[in-house]
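# Structural features, examined
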Amino acid sequence: MQRDLDPISNWHELDRAIILLIGIVAFELCTSLAIKPLILRYVTAYIPSQLLAFAYVWFTGLWNCMYLDSGTK
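Here's what I pulled together on the structure shown here. (Residues numbered from 1 in each chain as written. Predicted model: local features only at pLDDT ≥ 70, side-chain atom pairs only at ≥ 80, totals over all residues. Heavy atoms only, no water.)

### Details of a nonpolar patch on the surface
A surface patch of nonpolar side chains, amounting to about 610 Å² of accessible area, comprises Ile39, Leu40, Val43, Tyr46, Ile47 and Leu51. As for its placement among the helices and strands, Tyr46 is situated in helix 2 (residues 38-63). (Patch = residues over 30% accessible without salt bridge, like charges linked within 9 Å, V, L, I, M, F, W, Y side chains within 5 Å. Areas by Shrake-Rupley, 256 points an atom, 1.4 Å probe, with all protein chains shown as cover. Salt bridge = Lys/Arg side-chain N within 4 Å of Asp/Glu carboxyl O. Helix = DSSP H or I, 4+ residues; strand = E, 2+ residues; numbered from the N terminus.)

### Structural notes on helix 1 (residues 11-32)
In a regular helix each residue adds 1.5 Å, so 22 residues correspond to 32 Å; helix 1 covers 31 Å between its end C-alpha atoms and thus fits that length. For helix 1, the full list of buried residues reads Asp15, Ile22, Ala26 and Cys30. When helix 1 is viewed along its axis, its buried side chains cluster within an angular range of 80° and face the same direction. Looking at helix 1, the residues exposed on the side facing more than 90 degrees away from the buried face are Leu20, Leu21, Phe27 and Ser32. (Expected span 1.5 Å × (residues − 1). Buried < 20%, exposed > 50% of the residue type's maximum accessible area, 1.4 Å probe, protein only. Arc of directions from axis to C-beta.)

Structure representation (structure tokens):
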């Protein structure tokens, strides 16, 4: 899947929305899991959400190349 590299496209907004959704799900897990020790509840919600966010950023980086002049300005 090759993304359109048009600077006025909305891909970055969709990426931010997906990362925000991952954060909202992580917050809901932290508040609704029925694990008694709080630290264990937070770790149980934190690790999968961080792995999912890192995986999403890594996979989108596979088909979303940088602009040629991105480091020159």
